[in-house]
Amino acid sequence: GEGPSALASVGRDINMFGMVAGSSNTATLWTGVGNLVPIPSPPGTYWPFAFGLNDIGRVVGLASVTSNTTTGWVWDPIQGTRDLRDLGVPGAATAAAINESNQIVGQRLTSNYKAYRFDLNTLVLTDLGTFGGPTSEALGLNDLGHVVGWAKNANYNTRPFLWTPAGGLQDLGSLGGQPYDFGK
């Protein structure tokens, strides 16, 4: 199903119970075929989009603050939609994924956009860094808290990364070709 006035609906992530996070004119959680739960945007924002969810149905995404600024958010049916900037992620621009340990990854605006991992249980924020360039973005993570995404190097080439608590930011390399290979 889709929202009554949805111009486009898209599923972005699925959990082990078949719930799907995505958008249908607003951020949406599908709990089954035709069963839509609209997810409101955090207060003071608009046009929310959902990107990820975990097995308990906690959903993450982004919403517009202004015409060119976004914020990351997390939603669950008990606490509703919460802006990550209010939870301890200053400059949170996106929330791309969440794991079973309630660790969230995305991108936040510091001096430039940088990848982060945020632990919703402990409220610990970890900046993941770059390869000497200005920007990076975390796009996914596993249940061990290992993060994948992309980061610019000193030559401004986009490189795929793996970040682990033990190894830090690691360039995954590429098969050659163009210098803009993404990790996801």
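Refer to the preceding data block for the structure.
Residues numbered from 1 in each chain as written. Predicted model: local features only at pLDDT ≥ 70, side-chain atom pairs only at ≥ 80, totals over all residues. Heavy atoms only, no water.

A short note on the pairing of strand S10 (residues 103-109)
Counting buried residues in S10 gives six out of seven residues, a clear majority hidden from the surface. Taken together, the two bridges between strand S9 (residues 97-98) and S10 define a ladder with antiparallel strand orientation. Within S10, the residue paired with Ala 97 across the bridge is Val 105. Counted between consecutive antiparallel strands, the loop separating S9 from S10 contains four residues, among which Asn 102 sits at a positive phi close to 65 degrees. Note that S10 and strand S11 (residues 113-119) share seven bridges and pair antiparallel. Note that in S11 the partner of Val 105 across the bridge is Arg 117. Connecting the antiparallel pair S10 and S11 is a turn made up of three residues. (Buried < 20%, exposed > 50% of the residue type's maximum accessible area, 1.4 Å probe, protein only. Helix = DSSP H or I, 4+ residues; strand = E, 2+ residues; numbered from the N terminus. Pairing = 2+ DSSP bridges.)

Here we look at unusual backbone geometry
Positive phi, close to 50 degrees, is recorded for Trp 47, a residue that is not glycine. Following the sequence through the fold, Trp 47 ends up in strand S5 (residues 46-53). A residue is classified by how much of its surface remains accessible, and Trp 47, at 49% relative accessible area, is partly exposed. With a phi angle near 65 degrees, Leu 123 is a residue other than glycine that sits in the positive phi range. By the secondary structure assignment, Leu 123 is in the loop between S11 and strand S12 (124-129).

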